[in-house]
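If you want the building blocks of each chain, they are given just below.
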Amino acid sequence: MADIAAIQSAVAAQSGWLHEALRSLVLVESPSDSKPAVDRCMALAESLAASAVGGSPAVRIRRHQQKHFGDVLELRFGPARSKRRPILLLGHLDTVWPLGTLAAMPFREARGRNGRVDRIYGPGVLDMKAGVAMALTALRALQQLGLSRPVTLLLNSEEEVGSPVSRSITERLALASSAVLVLEPAQGLACKTARKGVGNYRLDVTGVAAHSGVDFERGHSAILALARLLETVATFTDKRIGRTVNPGVIAGGTRSNVVAAHAFAEVDVRIARASDAQKVDRLFQRLRCADPACTLTVAGGLNRPPMERKPGTVALYKQARSLATQLGFQLDEAATGGGSDGNFTAALGIPTLDGLGAVGEGAHAPHESILTEHLIPRTALLAALIATLD
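The notes below deal with the structure included here. Fair warning: this is a prediction, and the values are worked out from it, not measured in the lab. (Residues numbered from 1 in each chain as written. Predicted model: local features only at pLDDT ≥ 70, side-chain atom pairs only at ≥ 80, totals over all residues. Heavy atoms only, no water.)

Quick look at the pairing of strand S2 (residues 72-77)
Regular strands place side chains that alternate from one sheet face to the opposite one. Extensive coverage of S2 is indicated by the burial of 5 of its 6 residues. Relative to strand S6 (residues 151-156), S2 is paired through 5 bridges, and the arrangement is antiparallel. Its bridge partner being in S6, Phe77 is matched across the sheet by Val151. (Buried < 20%, exposed > 50% of the residue type's maximum accessible area, 1.4 Å probe, protein only. Helix = DSSP H or I, 4+ residues; strand = E, 2+ residues; numbered from the N terminus. Pairing = 2+ DSSP bridges.)

So this is what it looks like as structure tokens:
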């Protein structure tokens, strides 16, 4: 049986290593759309993993090479052969921040009145390089304690743009695992037991161009047709069942004196239940232009299934809550409208607990930061979960 106090002490002893690992990860910019940049960050994570546990054979490394996105990094810890199924630690190293962001938004440690660092700023520090550093620190502490069980750490390279190449890898590894612990940031102080599914639809309307002064009557405006369609799309929102539909991008036309021949809109969809996916799709596929001279093309669909609060996830949360109590803090649960790669694993029926990363604020915003007081307690929780899960 795992000694929780020993785990807590072992993690606390790694505080310096954790902060240095985090600093080094943030200083290597890794926007999703730059394969070379993400690959550099993956190489750093690979080096940190070897450093954390003393190299091979304690860690076995596989890079899933990708052509258009950064490589996906699969790190296996613990015995190569075991009767126990591994735990999957799930994270990503890509960020929403373009190359050069560090110049205007540098890695920065802010000190409180007591002179100690209480907040750390930087692009990707919260979402989610701190979670990656925490996972490596937890594994380092457990290795030093001699607690060994199979663990897989998967670091994806394009989560921020929908996980187009890593999804199949994530799902395959999840199906071979007993549980999935997602290193995304906490929701306030809470972990996440439910997430909405995420979809995106694109509406393209083709009309008939004409001179707006000379041949106005011959024109059929794609912009007007699209505007009428969006009035209908707005009615698809149903907050009672957790469905929101948001036209977030709209464009069309060429000049003000031309009846627009083309217009498009991109629409974000969030659903709380998997059963709602087909209903939403039918609503979009039934759309028709009121002007018969205009034509509509609908593309897209659901990208991430919802992570529903099911018994396996609830059991994981209850165990995490009990361990947190032993570690001296309270762990609540929360639901969120945002998606993560945990949506994929939960939809497969694998017990999945999300939001086990850092506590902070400003993900995807210029004030992105983490609160350092929660780093060690939550890293100890992650280590305790790894040590105690069946």
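A few points about the nonpolar core
In terms of nonpolar packing, the biggest core is built from 70 residues, with Phe77, Leu89, Leu181 and Leu381 touching the most fellow members. Top element by residues in this core is helix H5 (residues 125-145). It accounts for 13 residues. Excluding residues within four positions of it along the chain, Leu381 makes contact with Ala320, Leu323, Ala324, Leu327, Phe329, Leu331 and Leu356. (Core = buried A, V, L, I, M, F, W, Y, C linked by side-chain atoms within 4.5 Å. Contact = heavy atoms within 4.5 Å.)

What about the packing of aromatic side chains?
Summed over the entire model, instances satisfying the criterion amount to 2 aromatic pairs. Between the aromatic rings of Tyr201 and Phe284, the centroid separation amounts to 4.0 Å while the plane-to-plane angle is 0 degrees, which identifies the pairing as stacked. One end of the pair, Tyr201, is in strand S9 (residues 197-206); the other, Phe284, is in helix H8 (residues 277-285), with 83 residues separating them in the sequence. A connected cluster of aromatic rings, assembled from ring pairs, spans Tyr201, Phe236 and Phe284. A cation over an aromatic ring shows up here: Arg108 above the ring of Tyr121, its NZ or CZ 4.0 Å from the ring centre. We note Arg202 situated over the ring of Phe264; from NZ or CZ to the ring centre the distance is 3.9 Å. (Phe/Tyr/Trp six-rings, centres within 6.5 Å; stacked < 30°, edge-to-face > 60°. Lys NZ or Arg CZ within 6 Å of the ring centre and 35° of its normal.)

Considerations on the packing of helix H2 (residues 15-26) against H5
Where H2 contacts H5, the axes come no closer than 9 Å and their chain directions differ by 140 degrees. Judged by the inter-axis angle, H2 sits oblique to H5. Crossing geometry of H2 relative to H5 is assigned as right-handed. Along its contact with H2, which presents Trp17, Leu18, Ala21, Leu22, Leu25 and Val26, the element H5 presents Val125, Lys129, Ala130, Val132, Ala133, Met134, Leu136, Thr137 and Arg140. Partitioned by chemical class, the residues of the contact of H2 with H5 number 12 nonpolar, 1 polar and 2 charged. (Axes fitted to C-alpha atoms, helices over the stretch in contact; angles between N-to-C directions. Parallel < 35°, antiparallel > 145°, perpendicular 65-115°, else oblique. Left-handed = near helix turned anticlockwise from the far one by under 90°. Nonpolar A, V, L, I, M, F, W, Y, C, P; charged D, E, K, R; others polar.)

Let's talk about the sheet that holds strand S11 (residues 244-252)
With antiparallel pairing, the 4 strands of this open sheet are ordered in space as S11-S13-S9-S14. The strands lining the two open edges of the sheet, one partner per strand, are S11 and strand S14 (295-304). Taking the axes of each pair of neighbouring strands and ignoring which way they run, one obtains an average angle of 15 degrees across the sheet. With 8 bridges joining them, S11 and strand S13 (residues 262-271) adopt antiparallel strand pairing. Across the sheet, the residue bridging to Asn246 is Asp268, located in S13. Across the face of the sheet, H8 comes into contact with S9, S11, S13 and S14 while running at roughly 165 degrees to S13.

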